[in-house]
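# Chains, contacts and geometry: an overview
Given next are the chains, with one letter for each unit.
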Amino acid sequence: MWLALRGMEVHAVDISPVAIELARRLAEEHEVAHRIRFEVWDLDDGLPAGPSVDLLVCHMFREPRLYPAMVERIVPGGALAVAGLSEIGGEPGSFRAGRGELRQAFSALRVVAEGEGNGVTWFFGRKAA
Ligand SMILES: C[S@@+](CC[C@H](N)C(=O)[O-])C[C@H]1O[C@@H](n2cnc3c(N)ncnc32)[C@H](O)[C@@H]1O
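Residues numbered from 1 in each chain as written. Predicted model: local features only at pLDDT ≥ 70, side-chain atom pairs only at ≥ 80, totals over all residues. Heavy atoms only, no water.

The subject of this paragraph is the overall build of the protein. Counting its secondary structure elements, the protein contains four helices and seven strands. In sequence order, the protein lays out its α and β elements as α-β-α-β-β-α-β-β-α-β-β. For the protein, the C-alpha radius of gyration of 15 Å lies close to 14 Å, the compact-globule estimate for 129 residues. C-alpha atoms of the protein, sized along the principal axes, occupy 40 × 35 × 25 Å. The buried share among the 129 residues of the protein stands at 33%. The contacts in the protein between residues at least 6 apart in sequence include a share of 56% that link residues at least 24 apart. Working note: accessible area of the protein is about 8,000 Å², and carbon and sulfur atoms make up 55% of it. Averaging the locations of the 14 positively and 18 negatively charged side chains of the protein gives two centres separated by 6 Å. (Helix = DSSP H or I, 4+ residues; strand = E, 2+ residues; numbered from the N terminus. Rg over C-alpha atoms; globule rule 2.2 N^0.38 Å. Buried < 20%, exposed > 50% of the residue type's maximum accessible area, 1.4 Å probe, protein only. Contact = heavy atoms within 4.5 Å. Areas by Shrake-Rupley, 256 points an atom, 1.4 Å probe, with all protein chains shown as cover. Lys, Arg positive; Asp, Glu negative; His and termini not counted. Charge placed at Lys NZ, Arg CZ, Asp CG, Glu CD.)

Attention now goes to the domain arrangement of the protein. Interface extent is often summarised as the accessible area lost during association of the parts. Partitioning the protein into domains gives domain 1 (1-41) and domain 2 (45-129). Each side of the interface is counted separately: domain 1 has seven residues, and domain 2 has seven residues. Summed over both partners, the interface of domain 1 with domain 2 comes to about 470 Å²; 73% of that surface belongs to carbon and sulfur atoms. The three residues of domain 1 that bury the most area against domain 2 are Leu3, Met8 and Trp41, which together make up 71% of that side's buried surface. Across the contact surface, domain 1 and domain 2 share zero salt bridges. Broken down by secondary-structure element, the contributors of at least two residues to the side of domain 1 that touches domain 2 are strand S1 (10-14) and strand S2 (36-40). Class assignment of the residues belonging to the side of domain 1 that touches domain 2 gives a composition of four nonpolar, one polar and two charged. (Domains from an automatic or database assignment. Buried area = accessible area lost by both parts, 1.4 Å probe. Salt bridge = Lys/Arg side-chain N within 4 Å of Asp/Glu carboxyl O. Nonpolar A, V, L, I, M, F, W, Y, C, P; charged D, E, K, R; others polar.)

Every residue lining the ligand is accounted for by Asp14, Ile15, Ser16, Trp41, Asp42, Leu43, Asp44, His59, Met60 and Phe61. At a separation of 3.1 Å, a nitrogen atom of the ligand approaches a polar backbone atom of Ile15. Contact with the protein chains hides 57% of the accessible area of the ligand, taken as 590 Å² for the molecule alone. One can see that the ligand is located within the largest pocket. For the shell around the ligand, the two domains that each supply at least three residues are domain 1 (1-41) and domain 2 (45-129). (Near = heavy atom within 4 Å. Polar contact = N/O pair within 3.5 Å; in protein donor to acceptor, adjacent residues only side chain to side chain. 1 Å grid on protein atoms, 1.4 Å probe; cavity = no way out; pocket = protein on both sides within 12 Å on 5 of 7 lines; lining within 4 Å. Sits in = over half its atoms within 2 Å of the grid points.)

Here we take up the pairing of strand S6 (residues 110-117). Here S6 pairs with strand S7 (residues 120-126) via seven bridges, running antiparallel. Looking at the pairing, Glu114 lines up with Phe123 of S7. The hairpin formed by S6 and S7 contains two residues between the paired strands, and Asn118 there has a positive phi angle of roughly 55°. (Pairing = 2+ DSSP bridges.)

This part is about the packing of aromatic side chains. Applying the stated criterion across every chain, the model contains two aromatic pairs. On the basis of an interplanar angle of 65° and a centroid distance of 4.9 Å, the ring pair of Tyr67 and Phe106 is categorised as edge-to-face. Of this pair, Tyr67 sits in helix H3 (residues 67-73) while Phe106 sits in the loop between helix H4 (101-105) and S6, and the two are 39 residues apart along the sequence. For Tyr67, a relative accessible area of 9% translates into the label buried. (Phe/Tyr/Trp six-rings, centres within 6.5 Å; stacked < 30°, edge-to-face > 60°.)

Below, the structure written as structure tokens:
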């Protein structure tokens, strides 16, 4: 929604038809649904097919097997924004990134901002142009 409200063309993915339907309704209310391609997709099967993107956002979903494909999907000069749960300052668990996980996974990108603590982690990086 945030990206579409700022004029970007968005491909939005979640495995839950309920989540996708709620997002579609919200987008319609804000008159940006025409800028968003909604897709019910199981990310256990990898990223859905699509062109390279200027910005890839992964918010509160962890699947380390996708990390290489996420980097690959970004155009030269493009950006990656990831935020999720962390074991640092939080409990261990498969939904939580370990210490330094995002920095290591996305070491091919230039770090713009990153952090981990209080049970959360985030990374924003740029691919070389
Ligand atoms: C913590 S919620 C975050 C939702 C949303 N990204 C946000 O930040 O508000 C985790 C989301 O991951 C989705 N999810 C879980 N397993 C998935 C999978 N295998 N493929 C795609 N989405 C999945 C869930 O349906 C849920 O909407």
